[in-house]
Structure formats: C-alpha cells, structure tokens
Amino acid sequence: MASSETALAAGQRARGLAPFLRSQMRNIAPFLTLIFLSAFFAFASPSFATLDNLGNILTQVSVTGIIAVGLTFVILCAEIDLSIASIANVTGIAVAYFTLQESYVNIPNIPLPGAAAILLAILLCAALGFVNALGLTVIGIPSFIMTLAMMQIAAGISALLVRGQIAYKVPGVITTLGSGSVSGIPWIVIVAAIMLLGGHLVLTYTRFGRYVYMVGGNREAAEYSGLNVKLILGVVMVISAVCSGIGGMLGVAHFGSAQQNEFDTYLLDSIAAVVVGGTSLFGGRGGIGNTIVGLFVLGVLNNGLDHVNIDSFLKILIRGLILLAALVINVYAQRLREKAVE
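Residues numbered from 1 in each chain as written. Predicted model: local features only at pLDDT ≥ 70, side-chain atom pairs only at ≥ 80, totals over all residues. Heavy atoms only, no water.

1. So, the UniProt feature "transmembrane region" (unreviewed entry) in the protein
In plain terms, the rule: UniProt positions are given in the numbering used here, feature names are shortened, and annotations may be inferred rather than shown by experiment. What counts as a helix is a DSSP run of H or I of at least four residues, what counts as a strand is a run of E of at least two, and both are numbered from the N terminus.
When the UniProt feature table is mapped onto this chain, "transmembrane region" (unreviewed entry) is found at residues 31–51, 57–75, 82–100, 112–131, 143–164, 184–206, 227–251 and 313–333. End C-alpha atoms of residues 57–75 are separated by 25 Å, and the span's content is 95% helix alongside 0% strand. In residues 82–100, helix accounts for 74% and strand for 0%; the two terminal C-alpha atoms are 31 Å from one another.

2. What to know about the environment of I157
Quick reminder of the rule: Any two residues having at least one pair of non-hydrogen atoms within 4.5 Å are treated as being in contact.
Tracing the backbone through its elements, the reader meets I157 in helix α7 (residues 143–162). Each C-alpha atom of the pair I157 and T91 lies 9.8 Å from the other, and the pair is 66 residues apart in sequence. Residues within four places of I157 in sequence aside, it is in contact with V90 and L128.

3. Here we look at helix α4 (residues 62–76)
Going by this rule: Given the number of residues in a helix, its expected span is that number minus one, multiplied by 1.5 Å. To get the bend at a residue, fit one axis to the 7 residues ending there and another to the 7 starting there, then take the angle between the axes. Burial status follows relative accessibility: with a 1.4 Å probe on protein chains alone, a residue under 20% of its type maximum counts as buried, one over 50% as exposed, and anything between as partly exposed.
In a regular helix each residue adds 1.5 Å, so 15 residues correspond to 21 Å; α4 covers 21 Å between its end C-alpha atoms and thus fits that length. At V69, α4 shows its maximal bend, which comes to roughly 30°. When you tally the buried positions in α4, you get 15 out of 15 residues, the bulk of the element.

4. Observations concerning the packing of helix α9 (residues 187–205) against helix α12 (residues 229–255)
Filter applied, for reference: What counts as an axis is a line fitted to C-alpha atoms, over the stretch in contact for a helix, and the angles between N-to-C directions run from 0 to 180 degrees. In this scheme, roughly parallel covers angles under 35 degrees and roughly antiparallel covers those over 145, while 65 to 115 is roughly perpendicular and the rest are oblique. Residue polarity follows a fixed list, in which Ala, Val, Leu, Ile, Met, Phe, Trp, Tyr, Cys and Pro are nonpolar, Asp, Glu, Lys and Arg are charged, and the others, Gly among them, are polar.
Across the interface, α9 lies against α12 with an axial gap of 11 Å and an inter-helix angle of 170°. Accordingly, the angle class assigned to the pair α9 and α12 is roughly antiparallel. Contacts between α9 and α12 involve I188, V191 and M195 from the first element and C243, I246, L250 and H254 from the second. Here the residues of the contact of α9 with α12 sort into 6 nonpolar, 1 polar and no charged.

5. Topic: the packing of aromatic side chains
Applicable threshold: For Phe, Tyr and Trp, rings pair up if their centres lie within 6.5 Å, where Trp contributes its six-membered ring, and each pair is then called stacked (planes under 30 degrees apart), edge-to-face (over 60) or tilted (otherwise).
Under the criterion given, the structure shown has 9 aromatic pairs. For the ring pair F36 and F40, a centre distance of 6.4 Å and an interplane angle of 20° mean the geometry is stacked. Separated by 4 residues within a single helix, F36 and F40 lie in helix α2 (residues 25–44), roughly one turn from each other. Each ring, one from Y97 and one from F98, has its centre 5.2 Å from the other, and the planes form 85°; the classification is edge-to-face. We note that Y97, like F98, is buried. Feature note: the residues F36, F40, F41 and F48 constitute an aromatic cluster, connected by ring pairs.

Following this line, the structure appears as structure tokens:
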C-alpha cells in the first residue's frame, strides 16, 4: 500500500513537472546549450578553459552586448530593428568625423572638442532612432520595413562622411573606454556589464519595463487598459538606436579605426544573442538575463571553434544551424504557450 502511494505521488509530481519544463523550455535550452558547448570545448582544447580566455570571450562579446541591450527592448515589444549595425557604424564614424585626425587621413572633417564630438554622435543616433519611431508609430510602417530603410540611410550617411577612407582618432574618453583597462579588466567589458545591468533593472523594476512586457504580451489588452502603446514603441526604438550608437563609438575605439561596413556582422550577432538566449520573437517573454546567456553561447561558440581550428566556412554554417535551432525552439515554445491558454 505504501509503495503504491509513493508511486502515485511520484507520478503526480512528474505530471506536474512536465508542464513546467515545457513552459520553461525557452529558458532551459539556451542554458543547457551553454553548458554543453563549454564542456565540449574545454575537453577539446586545453587552452579554452582558462581565466585569460574567459577574459577574451567577455571582450569579444562586449560590443554585441551593448547593442543587444536596446534590441532586447524592441524584440520584447514584438518588433524588430534591422538598422542597429548601420546606426552603430554611422555613430562610430561620426565621432571620428568630429575629431581632429592625423595629417595623413584624407577626410575633410570638422574637428570639435571631444565632448562636443561625443554629444553630436549621440544626438545623431538618437535622431535616427526617432525617425524609426515616427515611421513605425505615426506613419504605420512595419518595423521590419522601416528599419530596413534606415539601414540603407545610415549606411549612406557613413559613406558620405568617410568617402571610402579610414579615420583613426576618437575623443580620449572614448579611446579609454573602448581600448583601455583598469586593474586588468577592459573598460569595454565594464561598460557592457553596466548597460546590461541597467537594462535588466529597467525591465524588471520600473513601470516602463512592465509596460514593455505588456505591449509585447498583448498589445490590444495594453491599449484597452489605457496604455500609450505608440509612445512605448517609439521609446524602445530610440533606446535601441542609442545603445547601438554607444556600441559603435566604443567599437571604433576598440578596433582602432572607423570605416564603412565595419559593423555589418553585428546585426546577425545581436539578433542571435537575443533570440538564442530565449527572448520570444513574439514579444512579452524573455529579458536581459536571456540575452546574457545568448551572448555567452555565441561567445563560447565563436571562441571555441577558433581553439579547435575549425574551417572558417564551417564555423559560419555551425552558427547558422544554432540560430535555426533557437528559432525552432522559440516558435515551438510559443505554440505550447498558445495551447496552454486555450
């Protein structure tokens, strides 16, 4: 009798655990992927599992992390921003354009004091984000199309500013934050950590953060409750552009140059970090914590493949397959959620 009761209780616990695991699959799968990749590369390469290499991974994902903070806000609202890489690029170029360059740099730029150069660059990326916001909320252009157009606009501004040339100097504070370090810790890692923490605190503990989840979770219900949905959507588009601009400025300092198409790969990397981490493409589920896991998955994957000397073309294929797997999990998790609601 006791054994049958024990078996019955175990069965009930198992039945209760199954729905929980299904509902948390979007969060559990990326974490398990990170553990698997870390264990695999640590076994395959002795040089992978070291503190120095951990520092390399953190540095490598820092620019992506800064850009992904703003993109997380956008995707939580069930929108997309395809202009993040181009805005990062044009902002990095702009801060160099307004900085006095060496005589061998053949760019007819406008040198200004460092603070003015940084301010103008931030205003530029904020203005581009504001245009995205107007197109989405006032004109009614879908975010996919609006930001696709902005991708080209920002790329065109970048081309006009540098005209195929390369600039090198940026204001001193940007140089320090992008390529300097304190007590052996790169400043760019610290800035990325602060921005990720700030994004998490805003989404978790502020009224605006709750509004973002409401808009992404059920836009009609948010409107009926009196929430200004268009204002929230506009603000997240500006946040995304400013985060991209900050990432662009620090990235230029980190790479040591400002040039056209420098950040093109960061569009896919940033989207992958958010989606692979488990934030729902359908909005309302996920957050900065998921983005951090996604950043580590991509960082460990890219770094680990370098350590085991995988063919560079195969590396691109593997990244694409992992992104596809994340998308499949994302869509499947959404279907499970819809069934649970029904």
